[in-house]
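Results of the structural survey
The lines below spell out each chain.
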Amino acid sequence: MPLLNGDEEISGVLRKYRNIAVVGISDKPDRDSYRVASYLREHGYSIIPVNPPTLKEWNGIRAYPSLSSIPGDLKVEVVDIFRKPEAVTEVVREGLQLKPRVFWMQEGVVNREAADLAVQNGVDVVMDRCMMKEHRRLLGGK
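Quick summary incoming for the structure in this document. The residue numbering used here restarts from 1 in each chain and proceeds along that chain's sequence as written. Confidence filtering applies because this is a predicted model: local features only for residues at pLDDT of at least 70, side-chain atom pairs given and counted only at 80 or more, and all residues used for totals across whole chains, interfaces and linings. Working from all heavy atoms in the structure, the side-chain values ignore hydrogens and water.

1. Brief notes about the layout of surface pockets
Rules: In this analysis a 1.4 Å probe is tested at points of a 1 Å grid over the protein atoms alone, and where it fits but cannot get out there is a cavity; an open set with protein on both sides within 12 Å along at least five of seven lines is a pocket; lining residues have an atom within 4 Å of a point. Grid points are joined across faces, edges and corners, and a volume is the space filled by probe spheres set on the points. What counts as a helix is a DSSP run of H or I of at least four residues, what counts as a strand is a run of E of at least two, and both are numbered from the N terminus. Polarity classes work like this: nonpolar for Ala, Val, Leu, Ile, Met, Phe, Trp, Tyr, Cys and Pro, charged for Asp, Glu, Lys and Arg, and polar for all others, with Gly in that last group.
Approximately 160 Å³ is the volume attributed to the largest pocket. Asp-32, Arg-35, Val-36, Phe-82, Gln-106, Glu-107, Val-109, Cys-130, Met-132 and Lys-133 are the residues that line the largest pocket. The set of elements that each furnish at least two residues to the lining of the largest pocket consists of helix H2 (32-42) and helix H5 (131-139). Tallying contributions element by element places H2 first for the lining of the largest pocket, with 3 residues. Grouping the amino acids of the lining of the largest pocket by side-chain chemistry returns 5 nonpolar, 1 polar and 4 charged.

Listed below in C-alpha cells is the structure:
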C-alpha cells in the first residue's frame, strides 16, 4: 500500500471508489471543500460530509461531527481531507477504524507522518493533490 503518485494509480482510485467522506467540508460556496465536494457529487460520487462541530447538513445530506460518528452502514472508501497538515495525523488515526481504501490529502495538505501511518495500516495515500483537478485532468470531467 503505497503513496500513489502516478496517473494510472490516481485514475484507478477515481474510477473505482465512489463513497467519499469529506473531512473539513464547508457550507460556504466560495470554499475549496464546498466546490470540490459539489463537483464530485455532480460526477456521481456519494459525499459523506464531516465537519466538526457545527455543520448539521451539507446540501441536504446529513453531516457528521467526526469520522468516528459515521454509522457503520455507510461505507467510506476514500477519506478526502481538507484540514491543516498538523491535524491530519489525528484524522488518519480516527479514520482507520472505517477501513477506507484511500486517504486523500488535498492540495497543500502534506503530512508524511499521517501518510506513513495510513500505509502501515494497509491504506493507500494520495497527498498534495486536488481530487477535482485530478478528475478533470485524468477523466475529462467538466
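2. Some points on the nonpolar core
Filter applied, for reference: Only buried residues count toward a nonpolar core. Its members are Ala, Val, Leu, Ile, Met, Phe, Trp, Tyr and Cys residues joined through side-chain atoms within 4.5 Å. Only protein chains enter the area calculation, which uses a 1.4 Å probe; residues under 20% of their type maximum are buried, those over 50% are exposed, and those in between are partly exposed. In what follows, a contact means two residues having at least one pair of non-hydrogen atoms within 4.5 Å.
Counting residues in hydrophobic clusters, the biggest one holds 26 residues, and the most contacted among them are Ile-20, Leu-40, Ile-47, Val-78, Trp-104 and Met-131. At the level of elements, helix H1 (7-16), strand E1 (19-23), H2, strand E6 (102-105) and H5 are the ones that each hand at least two residues to this core. If one sorts the elements of this core by residue count, H2 sits on top with 5 residues. Those residues in contact with Ile-20 that lie beyond four places of it in its chain are Leu-40, Tyr-45, Ser-46, Ile-47, Ile-48, Val-78, Asp-80 and Met-131. Membership of the second largest hydrophobic core comes to 24 residues, among which are Ile-70, Ile-81, Val-109 and Ala-115.

3. Observations regarding H5
Each full turn of the α-helix corresponds to 3.6 residues, which orients residues three or four apart in the same direction. Quick note on the threshold: Here, the arc refers to the directions that run from the helix axis to the C-beta atoms.
Within the sequence span of H5, burial applies to Met-131, Met-132, Glu-134 and His-135. The buried residues of H5 all sit within an arc of 165° when viewed along its axis, so they share a single face. Against H1, E1, H2, strand E5 (78-81) and E6 lie the buried residues of H5. Where H5 ends, the next residue or the one after it, Gly-140, has phi of about 75°, a positive value.

4. Quick notes on the sheet that holds E1
The following threshold applies: Strand pairing is defined by DSSP finding a minimum of two bridges between the two strands. Simply put, an axis is a line fit to the C-alpha atoms, just over the touching stretch for a helix, and the angle between two N-to-C directions goes from 0 to 180 degrees.
With parallel pairing, 5 strands are arranged side by side in an open sheet as E2-E1-E5-E6-E7. Across the chains shown, the open sheet's two edge strands, defined by having one partner strand only, are strand E2 (46-50) and strand E7 (124-126). On average, each strand axis in the sheet is inclined to that of its neighbour by 20°, with strand direction left out of account. Pairing geometry for E1 and E2, over 5 bridges, is parallel. From the neighbouring strand, Ile-20 faces E2, where its bridge partner is Ile-47.

5. Description of the packing of H2 against H5
For clarity, the threshold we go by: Roughly parallel here means an angle under 35 degrees, roughly antiparallel means over 145, roughly perpendicular means 65 to 115, and every remaining angle is called oblique.
Packing of H2 against H5 leaves a shortest axis separation of 9 Å and a crossing angle of 40°. Judged by the angle between their axes, H2 and H5 are oblique. On the side of H2, the interface is formed by Arg-35, Val-36, Tyr-39 and Leu-40, while H5 contributes Met-131, Met-132, His-135 and Arg-136. Of the residues contributing to the contact of H2 with H5, the split by class is 5 nonpolar, 1 polar and 2 charged.

6. Comments concerning the pattern of salt bridges
Selection rule: Take a side-chain nitrogen of Lys or Arg and a carboxyl oxygen of Asp or Glu: if they are within 4 Å of each other, that pair is a salt bridge.
Throughout the structure, instances matching the rule amount to 8 salt bridges. The partner of Lys-133 in a salt bridge is Glu-107, and the shortest N-O contact between them spans 3.0 Å. One end of the pair, Lys-133, is in helix H5; the other, Glu-107, is in the loop between E6 and helix H4 (112-120), and 26 residues separate them in sequence. By relative accessible area, which is 42% here, Lys-133 ends up partly exposed. Salt bridges sharing common partners tie together Asp-7, Arg-129, Glu-134 and Arg-137.

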